[in-house]
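# Analysis of the macromolecular model
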Amino acid sequence: MSCLMVERCGQISFEGPDQNAIRVHMLGDGRLRGQTVILSERRGSYPLIDLRLLNNTTQQGETGSRRKLKRLLSFQRYCHASRLLTGLSPHTSLHLLDDDYHAQAGHMLSKVGTWNFDIFLFDRLTNGNSLVTLMCHLFNVYGLIQHFQLDMVKLHRFLGMVQEDYHSQNPYHNAVHAADVTQAMYCYLRESKLAELLTPLDMFLALMAAAAHDVDHPGVNQPFLIKTKHHLASLYQNTSVLESHHWRSTVGMLRESGLLSHLPPEETQDIEHQLGSLILATDISRQNEFLSRFRAHLDQQDLNLEDTQHRHFILQIALKCADICNPCRVWELSRQWSERVCEEFYRQGDLERKFDLEISPLCNQQSDSVSAIQIGFISYIVEPLFEEWMRFTDGSELTESMMGHLRKNKARWRQLRQEPQPGSPLQEEVEGAEDSGTP
Ligand SMILES: [Zn+2]
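Residue positions are given per chain, counting from 1 as you read along its sequence in written order. Only residues with pLDDT of at least 70 get local features here, since the model is predicted, and only at 80 or more are side-chain atom pairs given and counted; chain-wide, interface and lining totals rely on the full set of residues.

### Observations regarding the UniProt feature "binding site: Zn(2+) 1" (unreviewed entry) in the protein
The test is simple: UniProt positions are given in the numbering used here, feature names are shortened, and annotations may be inferred rather than shown by experiment. Strands here mean DSSP runs of E at least two residues long; helices mean DSSP runs of H or I at least four residues long; both are numbered from the N terminus. Remark: residues whose backbone-derived C-beta atoms lie within 7 Å of one another are considered to be in contact.
The feature "binding site: Zn(2+) 1" (unreviewed entry), as annotated in UniProt, sits at H177, H213, D214 and D323 in this numbering. Maximum C-alpha separation among the annotated residues is 9.9 Å over a sequence range of 147 residues, consistent with a single clustered spot. In this fold, H213 is placed in the loop between α10 (200-212) and α11 (222-227). The residues touching H213, leaving out its near neighbours within four places in the chain, are A178, V181, H246, I279, T282, L319 and D323. By secondary structure assignment, the location of D323 is in helix α16 (residues 308-323).

Structure below.
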């Protein structure tokens with residue numbers, strides 16, 4: 001396979017005689033050396049995104065089996081498989097860490113229920129295995145391994161697959177974000193309003209959904225997939241494209257790992273279905289739909305947490321809160337997340353500029369500052385949801401603490417930039433999505 005690669009972030013190269021195959025090198029990990037791509041050996045770093053995956057109109061010249069392989073595998077595992085097929089050795093992980101690191105990670109886990117848990121530090125201490133380590137710990141805490149009679153080898157295999165399928169080259173939508181959401185979810189599950197009423201199945205679903213809710217995220221949003229005619233956009237009919245993919249990928253990995261193969265088929269089916277319902281709730285374009293329902297329940301005081309359906313609804317809300325809780329963290333952690341998410345937006349904007357596509361809202365580094373994006377996000381998305389969560393938890397200590405951080409962080413961003421006027425790009429995007437029914 002002829003292959004010309006580039007060194008700089010964001011550059012594009014062509015391969016194959018018809019130049020149909022366009023590759024975009026998202027990070028600066030690749031090196032040009034003759035005809036061979038030398039990839040970074042850093043754990044989990046797969047810097048190549050093949051734009052053939054983002055455009056189903058450019059598949060001429062490929063063999064049927066190769067096409068089939070790409071359909072079956074996730075973005076991430078396709079890149080991984082490609083590397084193996086082309087004779088490149090798989091990455092080497094540092095399995096052995098200094099005992100001191102293990103001790104420090106263990107010490108952090110003893111405080112995993114605290115809101116100022118530093119997931120970035122935890123990820124470093126676990127050598128990039130924060131998601132697997134955290135999930136195994138929480139499954140033990142809740143006795144889920146014993147309750148569901150889970151096979152530890154299969155559990156590790158499944159969690160390893162999930163973690164690997166997150167794209168470590170994404171500044172935001174990577175396995176550390178998944179671990180962060182899982183840790184936040186754990187904090188919410190411990191709320192006194194919920195803790196005593198949750199069943200093992202509730203806890204299993206909540207943690208699994210949090211861990212897998214963004215798996216194989218390509219680092220671009222749904223409108224980008226639609227306008228580049230990605231096959232996932234047509235598969236899911238331009239609706240909740242990414243969330244549907246995260247869910248179906250999770251189901252695929254559950255089946256592939258055999259984690260639940262010992263359970264009766266009806267039970268497995270129910271778990272798969274509920275995971276879908278939880279993951280699909282994270283679609284931000286459905287924010288107002290969930291918020292209105294939540295508000296109505298709180299106004300009417302008709303939530304009965306002994307009712308399975310009501311508990312499921314609260315788990316959907318809890319996952320939504322966990323997914324967007326970055327501005328409720330202490331400033332130092334919150335700021336890092338803000339910069340990461342904006343970096344991911346800007347990379348999409350750079351891609352759009354390169355391909356002469358219209359630059360998406362919030363993705364233009366020249367006009368959309370981090371502070372403006374954050375103030376809009378806090379005002380239109382985060383505050384309205386957390387105000388209702390505050391009512392639901394009866395102003396718990398944790399919620400009070402989150403709201404305190406939220407206020408301080410917003411003020412901090414305001415110091416960096418004046419308050420945006422109504423009609424900011426973010427508000428328009430959310431309202432537009434609601435109007436059109438498609439995000
Ligand atoms: Zn997420």
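After that view of the structure, there is still more to cover.
### Brief notes about the UniProt feature "binding site: Zn(2+) 2" (unreviewed entry) in the protein
Under the feature "binding site: Zn(2+) 2" (unreviewed entry), the UniProt entry names D214. Within the secondary structure, D214 sits in the loop between α10 and α11. Once residues within four sequence positions are removed from consideration, D214 is found in contact with H173, H177, A178 and H246.

### Describing the nonpolar core
The tendency in soluble globular proteins is for nonpolar side chains to be buried as a group. For clarity, the cut-off: Structurally, a nonpolar core is described as a collection of buried Ala, Val, Leu, Ile, Met, Phe, Trp, Tyr and Cys residues joined by way of C-beta atoms within 7 Å. Partly exposed residues are those whose C-beta has more than 12 but fewer than 20 other C-beta atoms within 10 Å; with 20 or more the residue is buried, with 12 or fewer it is exposed, and the C-beta atoms are placed from the backbone. Residue ranges assigned to each domain were obtained from an automatic or database domain assignment.
One finds M185 and A206 to be the most contacted residues of the largest nonpolar core, which totals 84 residues. For this core, the element with the highest residue contribution is helix α18 (residues 370-392), accounting for 11 residues. There are two domains that each give this core at least three residues, and those are domain 2 (99-163 + 174-187 + 194-318) and domain 3 (328-436). The contacts of A206, once residues within four sequence positions are left out, are M185, L189, L315, A318 and L319. Grouped together as the second largest cluster of nonpolar side chains are 7 residues, V220, L225, A233 and L242 included.

### A closer look at unusual backbone geometry
Phi at K229 takes a positive value of approximately 55°, unusual for a residue other than glycine. Within the secondary structure layout, K229 lies in the loop between α11 and α12 (231-235). The backbone of D356 shows a phi angle near 60°, a positive value even though the residue is not glycine. Its location among the elements puts D356 in the loop between α17 (331-354) and α18. On the neighbour-count criterion, D356 (6 C-beta atoms within 10 Å) is exposed.

### Regarding the packing of helix α15 (residues 287-300) against α18
Quick note on the threshold: Orientation is described by lines fitted to C-alpha atoms, with helices fitted over the stretch in contact, and by angles between N-to-C directions that extend from 0 to 180 degrees. Should an angle fall under 35 degrees it is taken as roughly parallel, and over 145 as roughly antiparallel, whereas 65 to 115 is taken as roughly perpendicular and any remaining angle as oblique. When the near helix sits turned anticlockwise from the far one by under a right angle, the crossing is termed left-handed; a clockwise turn instead gives a right-handed crossing. Each residue receives one of three labels: charged for Asp, Glu, Lys and Arg, nonpolar for Ala, Val, Leu, Ile, Met, Phe, Trp, Tyr, Cys and Pro, and polar for the others, Gly being one of them.
Running from amino to carboxyl end, α15 crosses α18 at an angle of 25°, the nearest separation of the two axes being 10 Å. Classed by the angle they form, the pair α15 and α18 counts as roughly parallel. As α15 packs across α18, the resulting crossing turns out to be left-handed. In this structure, α15 contributes Q287, L291, F294, R295 and L298 to the contact, and α18 contributes I381, P384, L385, E388, R391 and F392. Of the residues in the contact of α15 with α18, the class split is 7 nonpolar, 1 polar and 3 charged.

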